[in-house]
Structures are given as structure tokens and as C-alpha cells.
Amino acid sequence: MADRVTVIGWDGSPLSPAALSALSAATLVAGAGHHLTRPEVPPAAERIRLGSVDLAARRIAGHRGTAVVLADGDPGFFGVVRTLRAPEHGLEVEVVPAVSSVAAAFARAGMPWEDARIVVAHQRTLRRAVNVCRAHPKVAVLTSPGAGPAELALLLDGVHRTFVVCEELGTDRERVSVLTSDKAADHTWRDPNVVLVIGGGGGTPATPWLAGLDPSVRPVRGWGLPTEEYDSEGHATGTDQVRPKAGDDPALRAAQLARLGPRTGDLVWDIGCAGGAFSVEAARFGAAVIAVDLDPAACARTEAAARRHGVPLQTVRGRAPHVLESLPEPDVVRIATGGVPVVTACADRRPERIVAHASTRDEAEAIGAALTAAGGYAVETLLLQTVGLDPDTWSERDRSAVFLLSGRRIERAP
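Residues numbered from 1 in each chain as written. Predicted model: local features only at pLDDT ≥ 70, side-chain atom pairs only at ≥ 80, totals over all residues. Heavy atoms only, no water.

Undergrad: Please provide a residue-by-residue account of the pairing of strand β15 (residues 353–358), values included.
TA: Most of β15 is tucked away: five of the six residues are buried. Pairing of strand β14 (residues 332–335) with β15 involves four bridges; the strand directions are parallel. Across the sheet, R334 pairs through a bridge with V355, a residue of β15. This β-α-β element, β14 to helix α12 (residues 339–348) to β15, shows right-handed connectivity. Alignment of β15 against strand β17 (residues 396–409), held across six bridges, turns out to be antiparallel. Within the sheet, the bridge partner assigned to I354 lies in β17 and is G407. (Buried < 20%, exposed > 50% of the residue type's maximum accessible area, 1.4 Å probe, protein only. Helix = DSSP H or I, 4+ residues; strand = E, 2+ residues; numbered from the N terminus. Pairing = 2+ DSSP bridges. Right-handed = clockwise from strand over helix to strand, strands pointing away.)

And the structure:
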């Protein structure tokens, strides 16, 4: 095992005395190509070009001498320190930090960033990174070859964002470009780069107190709130003028959210968004949401509700299932309208969870059979009944009974 392992971060500024001291004593140096050509690297030191960090860690573990690992930015922030310290390698490291590329990118843009989400985009995580960009108004994306600004822009099709693309930060070739997301796919970008994805916020900024928290999001407690919390026009609020439909019941919405479990990195389809209550609550969990409805007024109400609560989401007007063909892949789906044809079309896209509801037993049996026929889904059916009571007289105000059907995709053993 190496006698000493020092990880040195580099942000383009001159190396510190501590970094120079460690590097001058190194008998093995690992880093990217541009690191290994630096004049400070001892000529006699063994050099390892970093491709697989796991492979480099094994070679360092077998080295007798003093090892140094050079890395761009802060190596403890989405960097090599995590891999080197993994139990299978048994390496104890000293770290000489530097300014992270994310901090440098926001500094170049002149923006605060305590309210930003930060994601790493590889080809295997690109879709989830894009979903975070859909769901949050300020995201820093640490890219990789094949998962860069152009790929982000292509997958954000239909969602307007501003890109701040920072290429080769800290080098003589540094370049910062500001453009709209629909233009980013037309360019060829140099690696490494960081992309700041900005836009989609709808609330009034407040004083932040927690890193990664968007201060514009309305701090509402609870889920399954009354419909009037979302629909300011009084649609289906349970007033004397408009009696709520079974599908608008907050208890049903809470049960649907519980079974879908929307989370950061997910894409939710809300088919039949009506007043936007479900869409907004799913977005409050940090998920990206596409709200679908044939009625333009429903789309407008959903957009208004999202603005009031400070959450970004996308509305798509059209008739399901046909309009679903052009949408990006969902992780979870809530179906409020369309019946069996829509359930079948959604199941064909293989989301992890699907929920739907029915007002009659026959309709519930048909939807349950469609989920079962899709194959690979465990199906649950519940009858939910709620009774609203007058707190003064304990008399019944309204009653709702609805069937809740949910499908959970069964993961097959490899």
C-alpha cells in the first residue's frame, strides 16, 4: 500500500505550497492528461492516466511510495475522494481542496447558488438529470461525454430554460456562453464543462436558509389539501354551487401520491390534470411533472396553480392516449381520465407505478384487468370512502366513494 496518498484539487490557480510539497515528493502521480503534463510533476514519478478511478485506486493501493492524485475542482465534491476512500481499496487520503467547478461556474455567471440543485449527468443518469432540470429553477449539471449541453437540450424539448455553459474552467481556453436551451443542441461543446440550467421559477424569492432549497416554493404544510388551495376559481371545491367529483377528493389524491411516491429525478405524467391539484402536489415532492388535459381551461388552471405555489411544471394539451406518444418516458403515472385505453397505453411505456380510479365496480374491474393484462405489474384495488361532517352538529355534509387501482412494476431477476 502507498505510504501516503494526497489528493490535490486544481481550479486553474497556482498550486498552494502544501500541494507543491506533496507533488514534489510523489513517486506516483495519477490524473487526467493535462494534469500529467504539468511541469510540477516529478520526471521520475510513475504516471497513471485517470480513466477508471477504481483501476487507478487498485494500482495506488499496490504502490510502495508516495502517491498523488490530481483532479479538477474540489476532489471531495462529486470527485475521486469517495472512490479512493471506498472500503475495498483501504486508502486513507489527505486532501488539498480547490474551488469546485460548480462554485466557479456560478461565480462566472454572477449568481448566488445556495438554492441550486446539483446533479451529475452520465449517459446512464442523463434522463434523471433532465427531470431535475424540469422540476427546479436553478440546476448545475456536471456533464460527461455523451451527456453534455446538447443532450440536455434535446431531452428538454418543449421546456424553455436558459443555459450558461462553462467550458474548460480555469484554463486558457475557458469559455462561458449564455443561450436558450433550444439553441444548445446546435453547438459543439468542449469537455469538461458545467451547465447552469436556469428558469421555470414562479414564486416570490425569500431569504434562503437551507442549501438546495428553492426559496420561491410556497411553504405549505401537508398533502392532500382541499382543492380550493390549488384552484382559485372555485372549480370542484365542494361549495354549494359545485359539488366535488369523486376524482377530486383530497383523500384519493393523498392515497395516489402515497402509492406513486414521486421524488426528485422522477418524471410524473398527470393525465386529466383538471385544476392542477395533483400536479402541483407531485411537483412539491421535487418531481418533474407533465400535466395533460384536453381542456385548455384545465391547462390554464394548472399553470396558475403552479405559479401560486412556485413550482415548475409543463402542461400539454391533447387527447390521451394519442398525445402521450410524443412525451418523454415517465417514472410514475396518475390517470384521471381515459379509462382502459389510456391505462393500456401507459403500461406499454413501463413506468414503475401507475394509479387510476373508477366510480363504478365495472369500471374498476376493467381497469384492473387492463393493468393485469399489461404483464409485470402487481395490482392493488381499494374502495375508498370519505364522509365530510359538520363539526357543530356532526351531520353529514358530503360523501365520496371511489375505487383506487394501482399497479407496481415487478422487477424481474436478471
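This is not the end of the story, as more comes after the structure.
Undergrad: With reference to specific residues and values, describe the pattern of salt bridges.
TA: Within this structure, the stated rule accounts for 20 salt bridges. For R85, the salt bridge is made with E92, and the minimal N-O distance between the two is 3.5 Å. For R85, a relative accessible area of 45% corresponds to the partly exposed category. According to the relative accessible area criterion, E92 is exposed, its value standing at 61%. One salt bridge in this structure joins R349 and E329, with 2.9 Å as the shortest N-O distance. (Salt bridge = Lys/Arg side-chain N within 4 Å of Asp/Glu carboxyl O.)

Undergrad: Requested: an account of the packing of aromatic side chains, with residues and values cited.
TA: This structure, assessed with the given rule, holds three aromatic pairs. With a centroid separation of 5.2 Å and an interplanar angle of 80°, the aromatic rings of F77 and F78 are classed as edge-to-face. (Phe/Tyr/Trp six-rings, centres within 6.5 Å; stacked < 30°, edge-to-face > 60°.)

Undergrad: Describe the sheet that holds strand β8 (residues 162–167), listing the residues and the values that go with them.
TA: In sheet architecture, strand pairing relies on hydrogen bonds along the backbone and comes in two forms, parallel and antiparallel. As summarised here, the arrangement of the five strands in space is β6-β7-β10-β8-β9, forming an open sheet in which the pairing is mixed. Two strands lie at the open edges of the sheet, namely β6 (117–120) and β9 (175–180), each paired on one side alone. Each adjacent strand pair in this sheet contributes to an overall mean axis angle of 20°, direction not counted. Judged from the six bridges that link them, β8 and β9 form a sheet pairing that is antiparallel. Bridging across to β9, F163 finds its partner in L179. Contacting β6, β7 (138–142) and β10 (193–198), helix α6 (residues 126–135) runs over the sheet at an angle of about 165° to β6. (Axes fitted to C-alpha atoms, helices over the stretch in contact; angles between N-to-C directions. Contact = heavy atoms within 4.5 Å.)

Undergrad: I'd like a description of the nonpolar core, backed by residues and values.
TA: Grouped together as the largest cluster of nonpolar side chains are 28 residues, with contacts concentrated most on W269, I271, L324, I335, C346 and I354. Of all the elements in the fold, those that place two or more residues in this core are β11 (267–271), β12 (288–293), β14, α12, β15, α13 (361–374) and β17. Contact partners of L324, with chain neighbours within four places excluded, come to W269, I271, V292, V342, C346 and R349. In this structure, L257, L260, V268 and V311 belong to the second largest nonpolar core, which totals 23 residues. (Core = buried A, V, L, I, M, F, W, Y, C linked by side-chain atoms within 4.5 Å.)

Undergrad: I'd like to hear about the side chain of D293, residue by residue, with values.
TA: Structurally, the position occupied by D293 is in strand β12. Buried and unpaired, D293 has R301 as its nearest opposite-charge partner, separated by 6.6 Å. Here the side chain of D293 touches C273 through a polar contact of 3.1 Å, landing on its backbone nitrogen. (Lys, Arg positive; Asp, Glu negative; His and termini not counted. Polar contact = N/O pair within 3.5 Å; in protein donor to acceptor, adjacent residues only side chain to side chain.)

Undergrad: Before we move on, could you go through the side chain of E281 and cite the residues and values that matter?
TA: Residue placement: E281 occurs in helix α10 (residues 277–284). One polar contact links the side chain of E281 to the main-chain amide nitrogen of L225, over a distance of 3.1 Å. In contact with E281, not counting residues within four places along its chain, are W223, G224, L225, Y230, R253 and L257.

Undergrad: Help me get a handle on a nonpolar patch on the surface, residues and values and all.
TA: A surface patch of nonpolar side chains, about 350 Å² in accessible area, is lined by W209, L210 and L213. Position of L210 relative to the elements: it lies in the loop between β10 and α9 (250–260). For L210, a relative accessible area of 41% puts it in the partly exposed group. (Patch = residues over 30% accessible without salt bridge, like charges linked within 9 Å, V, L, I, M, F, W, Y side chains within 5 Å. Areas by Shrake-Rupley, 256 points an atom, 1.4 Å probe, with all protein chains shown as cover.)

Undergrad: Explain the packing of α12 against α13 to me, and be specific about the residues and the numbers.
TA: Two numbers describe a pair of packed helices, the interaxial angle and the distance between the axes. At a closest axis distance of 9 Å, the pairing of α12 and α13 adopts a crossing angle of 20°. Between α12 and α13, the angle falls in the class roughly parallel. At the point where α12 passes α13, the crossing takes the right-handed sense. Contacts between α12 and α13 involve V340, V343, T344 and A347 from the former and A366, I367, A370, L371 and A374 from the latter. In terms of residue class, the contact of α12 with α13 is made up of eight nonpolar, one polar and no charged. (Parallel < 35°, antiparallel > 145°, perpendicular 65-115°, else oblique. Left-handed = near helix turned anticlockwise from the far one by under 90°. Nonpolar A, V, L, I, M, F, W, Y, C, P; charged D, E, K, R; others polar.)

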